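Chain and residue survey
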Amino acid sequence: MSSNSEAILTQLRSEALRLRRNIWRAFHAAGSGHVGGSSSAADLLAALYFHYLKQRPEQPEWPDRDRFVLSKGHANGALAAVLAQAGYFPESLLDDFYGYETLMGMHPDIKLAGVEMSTGGLGHGLSVGVGMALGARMQKRGFRTIVMLGDGELQEGSNWEAAMAAAHLGLSNLTAIVDFNKVQQSNHVQELLGLEPLADKWRAFGWSVRELDGHDMADIVAALDALPYAPEMPSLMLAHTVKGKGVSFAEDTYLWHQNMVDDETYQKALAELGEPA
Ligand SMILES: Cc1ncc(C[n+]2csc(CCOP(=O)(O)OP(=O)(O)O)c2C)c(N)n1
């Protein structure tokens, strides 16, 4: 890897750390939030917004922008924070997260700059992503569509209808990312309703699949740069992650799927995360 690539990775890791700190900041301001699924997605989101997606924060409706849909909408703390870092609106708005005026609630609101779809009811983002990707093809536009899904979310059957449609249509301009943190709202996914063998299921549905470590920035960047993985097929990034990543007491437990964040907890979390370089 060249020194230039190493510098890019260092920058992306720094954005990811800033993002984790901003996620906790937003949920501390709100008093509570979906820490687990926001933190597991932080490295992926940093790589998307600071390396991969072609967007113009100063022109959110730019017709050729790449589309990103956070289908696991409860992780809105992470989406709002990364949009702020990317320049869609001031980071200081995170200090009024869940506030009436900010358009930043528990789930993404399409009225907020940078948000492509109001989500929150699980299982809808991939279907809309199929429509966006098909629309790009019909309009002969080159934008790409990325949809992020939770693993627990995959228990919604609508995802598999959308997966079939995307493969049938040969949508190579569509990528789904599964934030595969193995934990859902009230238990480990495999205990409640198992998904394995998950990669094989997506392959059987006609997707081209790559597995990666969703916290290894080099692995994430390589997986993004290699898209699409096959001609005339949608791509699936199966990103192995840890729920609550970055703060020991929040990691790998459904207790931190959603929880209260008081002053003391917030300070403990920031101390564990450390300061960006
Ligand atoms: C249709 C629907 N059913 C139930 C919920 C409540 N709910 C919110 S998050 C969640 C668990 C999601 O688990 P997962 O997709 O693994 O999310 P992550 O671990 O990435 O946070 C549930 C059941 C919902 N938002 N939508």
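Rules of the game
- Residues numbered from 1 in each chain as written.
- Predicted model: local features only at pLDDT ≥ 70, side-chain atom pairs only at ≥ 80, totals over all residues.
- Heavy atoms only, no water.
- Helix = DSSP H or I, 4+ residues; strand = E, 2+ residues; numbered from the N terminus.
- Rg over C-alpha atoms; globule rule 2.2 N^0.38 Å.
- Buried < 20%, exposed > 50% of the residue type's maximum accessible area, 1.4 Å probe, protein only.
- Contact = heavy atoms within 4.5 Å.
- Axes fitted to C-alpha atoms, helices over the stretch in contact; angles between N-to-C directions.
- Parallel < 35°, antiparallel > 145°, perpendicular 65-115°, else oblique.
- Left-handed = near helix turned anticlockwise from the far one by under 90°.
- Nonpolar A, V, L, I, M, F, W, Y, C, P; charged D, E, K, R; others polar.
- Salt bridge = Lys/Arg side-chain N within 4 Å of Asp/Glu carboxyl O.
- Near = heavy atom within 4 Å.
- Polar contact = N/O pair within 3.5 Å; in protein donor to acceptor, adjacent residues only side chain to side chain.
- Areas by Shrake-Rupley, 256 points an atom, 1.4 Å probe, with all protein chains shown as cover.
- Pairing = 2+ DSSP bridges.

Right, let's get into the overall build of the chain. A tally of helices and strands in the chain yields 10 helices and seven strands. Rg of the C-alpha trace for the chain: 18 Å, near the compact-globule value of 19 Å for 277 residues, within the 12% margin. Principal axes of the C-alpha set define a box for the chain whose edges measure 50 × 45 × 45 Å. The buried share among the 277 residues of the chain stands at 54%. For the chain, contacts bridging at least 24 residues in sequence account for 74% of all contacts bridging at least 6.

Quick look at the packing of helix H3 (residues 42–52) against helix H9 (residues 217–225) now. For the pair H3 and H9, the least separation of the axes is 10 Å and the interaxial angle reads 50°. On the basis of their axis angle, the class for H3 and H9 is oblique. Considering how the two elements wind past one another, H3 and H9 form a crossing that is right-handed. Contacts between H3 and H9 involve Asp-43, Leu-44, Ala-46, Ala-47, Leu-48, His-51 and Tyr-52 on the former and, on the latter, Met-217, Ile-220, Val-221, Leu-224 and Asp-225. A class-by-class count of the residues in the contact of H3 with H9 yields nine nonpolar, one polar and two charged.

Tallied over the entire structure, the rule returns 14 salt bridges. Two residues, Arg-18 and Glu-15, come together in a salt bridge whose shortest N-O distance is 3.0 Å. Taken together, the residues Arg-18 and Glu-15, both in helix H1 (residues 3–30) and three residues apart, mark about one turn of the helix. Residue classification places Arg-18 among the partly exposed residues on the basis of a relative accessible area of 27%.

This paragraph deals with the environment of Glu-161. Residue placement: Glu-161 occurs in helix H6 (residues 158–169). Under the relative-accessibility criterion, Glu-161 is labelled exposed at 57%. Residues Glu-161 and Phe-205, spaced 44 residues apart in sequence, show a C-alpha to C-alpha distance of 9.5 Å.

Here we take up the environment of Val-242. On the secondary structure map, Val-242 appears in the loop between strand E6 (235–240) and strand E7 (259–260). A sequence separation of 27 residues divides Val-242 from His-215, and the C-alpha atoms of the two residues are 8.3 Å apart.

Turning next to the site of the ligand. For the ligand, the set of nearby residues contains 17 residues, the closest of which are Lys-72, His-74, Gly-120, Asp-151 and Lys-243. One of the side-chain nitrogen or oxygen atoms of Lys-72 is found 2.8 Å away from an oxygen atom of the ligand. At 3.0 Å from an oxygen atom of the ligand is found a side-chain nitrogen or oxygen belonging to Asn-181. When the ligand sits alone it has 600 Å² of accessible area, and the protein chains cover 77% of it. Considering only residue class, the shell around the ligand consists of two nonpolar, 10 polar and five charged.

On to the sheet that holds strand E5 (residues 208–213). Sheet architecture is open: five strands sit in the order E2-E3-E4-E6-E5, paired in parallel fashion. The sheet terminates laterally at strand E2 (67–70) and E5, the two strands that pair on one side only. For this sheet the average axis-to-axis angle between neighbouring strands, irrespective of direction, equals 20°. In this sheet, strand E3 (residues 145–150) lies alongside E2 in parallel orientation, the contact comprising four bridges. Residue pairing in the sheet places Phe-68 in a bridge with Ile-146 of E3. On the sheet, helix H5 (residues 125–138) packs against E2, E3 and strand E4 (174–180) and is oriented at approximately 170° with respect to E3.

We now examine helix H4 (residues 76–86). Where burial is concerned, most of H4 is hidden: 10 out of the 11 residues are buried. Those residues of H4 that sit buried are Asn-76, Gly-77, Ala-78, Leu-79, Ala-80, Ala-81, Val-82, Leu-83, Ala-84 and Gln-85. Where H4 terminates, the next one or two residues include Gly-87, which has phi positive at roughly 105°.

Closest axis-to-axis distance for the H3/H4 pair is 10 Å, and the angle between their directions is 30°. Considered as vectors, H3 and H4 are oriented roughly parallel to each other. The handedness of the crossing between H3 and H4 comes out as right-handed. Here H3 contributes Leu-45, Tyr-49 and Phe-50 to the contact with H4, which in turn contributes Ala-78, Leu-79, Val-82, Leu-83, Gln-85 and Ala-86.

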